[in-house]
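# Geometric and topological summary
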Amino acid sequence: DAGVIQSPRHEVTEMGQEVTLRCKPISGHNSLFWYRQTMMRGLELLIYFNNNVPIDDSGMPEDRFSAKMPNASFSTLKIQPSEPRDSAVYFCASQGPYEQYFGPGTRLTVT
Amino acid sequence: GQSLEQPSEVTAVEGAIVQINCTYQTSGFYGLSWYQQHDGGAPTFLSYNALDGLEETGRFSSFLSRSDSYGYLLLQELQMKDSASYFCAVREGSGYSTLTFGKGTMLLVSP
């Protein structure tokens, strides 16, 4: 298995632009999680899905953030409009029996 | 509220043994996990404790005391490649369930 796949790996954009991050979970995993990691705030859960349904989005910082999971093999996290304070590494993870498997992350820089 | 406390930084030398402690206060508790993250990489699963006691996996062991809301990760025969950040994380329910992560402990192993 290729593991959790994320794209792009790096994204540099200007403030106000729309950013879309993509994730493909491990086949057969029913739960998918989006995290944001910064030095100041550590690893924060933004939203998670079970069987493609959003279960808890209380971690989504603002209405500028939205996430979808149209099918079991694909999810997106969108930021519109982006702001410099959104600069962080965004991880997607899928759930195994005991553990979460993380993708390589997308390093987002908003200038 | 939910909180996990772990030291921010630990230093040790090659061949030594180091213990990283984690205390937690969460609304629910189902198990304690440990993840390793190298600089620029993704968190990777190390161990999981649902019951009190010690779990051993090679050079790494993890301990849990539910009555004390406390756990630790023990790393033996330290190697330079063990230099990384280590996160404890509480799983709050069975089945699909979120993890609440601590802020991480940066371990620096020197020659």
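Residue indices follow the written sequence of each chain, beginning from 1 at its first position. Labels follow written order: the first chain is A, the first ligand is 1, and so on. pLDDT decides what is reported in this predicted model: residues at 70 or higher carry local features, side-chain atom pairs at 80 or more are listed and counted, and totals for whole chains, interfaces and linings draw on all residues regardless. Values shown for side chains rest on all heavy atoms present in the structure; no hydrogens or waters enter the calculation.

### Description of the overall build of chain A
Rule in force here: Helix and strand assignments come from DSSP, with helices taken as H or I runs of at least 4 residues and strands as E runs of at least 2, each series counted from the N terminus. As a reference, a globule follows 2.2 Å times the number of residues to the power 0.38, and the radius of gyration itself is taken over C-alpha atoms.
Scanning chain A from N- to C-terminus turns up zero helices and eleven strands. Each helix (α) and strand (β) of chain A, taken in turn from the N terminus, gives the series β-β-β-β-β-β-β-β-β-β-β. By the compact-globule yardstick of 13 Å for 111 residues, chain A fits well, its C-alpha radius of gyration being 13 Å. On the principal axes, the C-alpha backbone points of chain A span a range of 40 × 25 × 25 Å.

### What about empty space enclosed by the protein?
Residue and element names in this part refer to chain B. As a reminder of what qualifies: Here the term cavity refers to a set of points on a 1 Å grid, laid over the protein atoms alone, in which a 1.4 Å probe fits but cannot get out; the term pocket refers to an open set having protein on both sides within 12 Å along at least five of seven lines, with lining residues being those that place an atom within 4 Å of a point. Grid points are joined across faces, edges and corners, and a volume is the space filled by probe spheres set on the points. Amino acids outside the nonpolar list (Ala, Val, Leu, Ile, Met, Phe, Trp, Tyr, Cys, Pro) and the charged list (Asp, Glu, Lys, Arg) are all regarded as polar, and Gly is one of them.
Enumeration according to the criterion identifies one cavity of 30 Å³ or more in this entry. Of the pockets and cavities examined, the largest cavity occupies roughly 40 Å³. Around the largest cavity sit L46, S47, E55, T57, F60, S61, S62 and L73, which together line it. Secondary-structure elements contributing two or more residues to the lining of the largest cavity are strand 5 (44–49), strand 6 (53–57) and strand 7 (60–65). Top contributing element to the lining of the largest cavity by residue count: strand 7, with three residues. For the lining of the largest cavity, the per-class residue count stands at three nonpolar, four polar and one charged.

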